[in-house]
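What the coordinates show
Chain by chain, the residues:
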Amino acid sequence: EEAAKVFLDADIDLLGNESQTVGPPEAPMAVHKILLRRDIAAHWGYDNYNQFATDYYHYRDYPLDDSRAYLDQISLELVDSDRQVKQPGIWDDGFSSTTEAQTYAYVEEMAKAMGGTVKEAFDLMDQAGLYDIAYGENKYPSSFELYLTSYREPFIFMSPSLTSYDHLTFAHEFGHFCNDYASGGSYVGVDVLEFFSQGMEYLSLCYVDNSEHLTKMKMADSLCLYVEQAAFASFEMQMYDIPSEDLSVEALVSLYDQVALAYGFESVGYDPREFVTITHFYTNPLYVFSYVVSNDAALQLYQLEQESPGAGLQCFEDNLDTQESYFLSFLDTAGLESPFAADRIETVKETFEGFFGG
């Protein structure tokens, strides 16, 4: 609750002192924030909060209608495949026990095999100690990379689970590290930022020996990411469209239930109230959509690497120092396909069906 109040204050800072139309302070936090954010959008000349957040926070160079259509297509094309991989056996190997040393060795082997800027970044991280991946019972339960402006170098913080999934988590944050290292502190849009972290996960599978168990888990995780994050993004966009007079906790629970069922959540069990645990809805509005489109672009690196070894890595290396904030412009420069291309989701579906079997 205290954290939610901090997030609320951050929204109020955007608004200033001009508006008092956000509803009573005792309103449930989720409802209160939606009303407040609508007021913020109006304050800045917008009649729709979805559009305000898209422009103000994410600098997206594609229309909201394309985003909505893309999410709908995922629900139609990928949900059945996602149901098939939600089987315990697929995940068992990926969550086997590991150590801090093994996690570090995974990224070290990957970086040495890749060479170039990636190895330079790893050597800096290693020699300067610009990472913390140690386990701690009271450690902040999250993982992230940030650029330390005072030092002019990136840093990785990781709270490990002591399972093999840590290898991918460290690779993910190291992808951000490489981007910040090459660019001297990246200022690109979120969609582009996440391309480098997710792309490094995929590429690591191609440059570390004996990573078959992680490949299986990563592909399952990737498919789940498409579907689950698309569901969250669809719910988030729709919750800002509920008329103010109809907005209530009950309306949000009903909407989430409707969206969750459309994306196949019943196959693993869910609680229609669980959306309140997704902190991005409170802290980073409209962010979760970036996970979906950047995952699509990152998957293309893996597909390139499978078709022609070295091609995916070359694309990654060539674009590490990009200053392009806009996602579609970045993809065009990098020679990658837009996730909104007419046959792109069908190609993604074929990739997963080819890996797991149709």
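Notes on the structure follow. Treat the numbers as computed from the prediction; the structure is a model and nothing was measured. (Residues numbered from 1 in each chain as written. Predicted model: local features only at pLDDT ≥ 70, side-chain atom pairs only at ≥ 80, totals over all residues. Heavy atoms only, no water.)

Digging into the overall build of the chain
For the chain, the count of helices and strands is 17 helices and 3 strands. Going through the 358 residues of the chain one by one, you find that 51% of them count as buried. Summarising the internal contacts of the chain: among those between residues at least 6 apart in sequence, 73% fall at separations of at least 24. Accessible surface, the chain: about 15900 Å² in total, of which carbon and sulfur atoms supply 49%. (Helix = DSSP H or I, 4+ residues; strand = E, 2+ residues; numbered from the N terminus. Buried < 20%, exposed > 50% of the residue type's maximum accessible area, 1.4 Å probe, protein only. Contact = heavy atoms within 4.5 Å. Areas by Shrake-Rupley, 256 points an atom, 1.4 Å probe, with all protein chains shown as cover.)

Notes on the packing of helix α14 (residues 288-307) against helix α15 (residues 311-318)
Each pair of packed helices gets described by two things: the angle between the helix axes and the distance between those axes. The N-to-C vectors of α14 and α15 enclose an angle of 135°; their axes lie 6 Å apart at closest approach. Considered as vectors, α14 and α15 are oriented oblique to each other. Facing α14, whose interface residues are Leu-301, Leu-304 and Glu-305, α15 presents Ala-311, Gly-312, Leu-313, Cys-315 and Phe-316. (Axes fitted to C-alpha atoms, helices over the stretch in contact; angles between N-to-C directions. Parallel < 35°, antiparallel > 145°, perpendicular 65-115°, else oblique.)

Points about helix α3 (residues 49-58)
Within α3 the residues assigned to the buried category are Tyr-49, Asn-50, Phe-52, Ala-53, Thr-54 and His-58. Those residues of α3 that are buried are in contact with α2 (29-43), α4 (64-77), α10 (190-207) and α11 (212-239). Regarding α3, its N-cap is Asn-48, as a side-chain oxygen of that residue lies 2.9 Å from the backbone nitrogen of Asn-50 further along. (Polar contact = N/O pair within 3.5 Å; in protein donor to acceptor, adjacent residues only side chain to side chain.)

Structural notes on a nonpolar patch on the surface
Nonpolar side chains collect at one region of the surface, where Tyr-140, Phe-144 and Leu-146 lie side by side and expose about 280 Å² of accessible area between them. Mapped onto the elements of the fold, Phe-144 is located in strand β2 (residues 144-148). (Patch = residues over 30% accessible without salt bridge, like charges linked within 9 Å, V, L, I, M, F, W, Y side chains within 5 Å. Salt bridge = Lys/Arg side-chain N within 4 Å of Asp/Glu carboxyl O.)

A short note on the nonpolar core
As a rule of thumb, nonpolar side chains are buried together in soluble globular proteins. With 105 residues, the main nonpolar core has Ile-74, Phe-174, Leu-252 and Tyr-263 as its most contacted residues. Per-element accounting of this core gives the leading share, 16 residues, to α11. The contact partners of Ile-74, leaving out residues within four places of it in the chain, are Val-79, Tyr-226, Val-227, Ala-230, Tyr-263, Val-292 and Ile-345. (Core = buried A, V, L, I, M, F, W, Y, C linked by side-chain atoms within 4.5 Å.)

Observations concerning the packing of aromatic side chains
According to the stated counting rule, one finds 33 aromatic pairs in the structure shown. On the numbers, 4.7 Å between centres and 40° between planes, the contact of Tyr-49 with Tyr-240 is tilted. Pair noted here: Tyr-49 is in helix α3 and Tyr-240 is in the loop between α11 and α12 (249-262), with a separation of 191 residues, a long-range link. The pair formed by Tyr-49 and Tyr-240 is uniform in burial state, with each residue classed as buried. An angle of 55° between the planes, with centres 4.8 Å apart, marks the rings of Tyr-62 and Phe-340 as tilted. Pair noted here: Tyr-62 is in the loop between α3 and α4 and Phe-340 is in the loop between α16 (327-334) and α17 (344-356), with a separation of 278 residues, a long-range link. Using a relative accessible area of 5% as the deciding quantity, one classes Tyr-62 as buried. Among the aromatic residues, ring-to-ring pairing joins Trp-44, Tyr-46, Tyr-49, Phe-52, Tyr-56, Tyr-57 and Tyr-240 into one connected group. The residue whose ring lies beneath Lys-139 is Phe-157, and the NZ or CZ to ring-centre distance is 4.8 Å. In this structure, Lys-218 is placed above the aromatic ring of Tyr-202, and the distance from its NZ or CZ to the ring centre is 4.7 Å. (Phe/Tyr/Trp six-rings, centres within 6.5 Å; stacked < 30°, edge-to-face > 60°. Lys NZ or Arg CZ within 6 Å of the ring centre and 35° of its normal.)

Examining the pattern of salt bridges
When the charged atoms of two side chains lie near each other, side chains of opposite charge can form a pair. For the structure on display, the rule yields 10 salt bridges. Residues Glu-77 and Lys-349 are paired through a salt bridge, measuring 3.5 Å at the closest nitrogen-oxygen approach. Of the two residues, Glu-77 is situated in helix α4 and Lys-349 in helix α17; the sequence distance between them amounts to 272 residues. Linking Lys-139 and Asp-132 is a salt bridge whose minimum nitrogen-to-oxygen distance equals 2.9 Å. Judged by relative accessible area, Lys-139 falls into the buried class, the value being 16%.

What to know about the environment of Gly-264
Tracing the chain through its elements places Gly-264 in the loop between α12 and α13 (280-283). Here Gly-264 falls in the buried class, since its relative accessible area comes to 2%. Along the sequence, Gly-264 and Glu-228 sit 36 residues apart, while their C-alpha atoms lie 8.9 Å from each other. Ignoring sequence-local partners within four residues, the contact set of Gly-264 consists of Val-79 and Arg-83.

Quick look at the sheet that holds strand β3 (residues 153-157)
What the 3 strands build is an open sheet, ordered β1-β3-β2; its pairing is mixed. The open sheet has two edge strands, β1 (131-132) and β2, and neither has a second partner. Sheet topology places β1 next to β3; 2 bridges connect them, and they run parallel. Within β3, the residue paired with Asp-132 across the bridge is Phe-157. (Pairing = 2+ DSSP bridges.)

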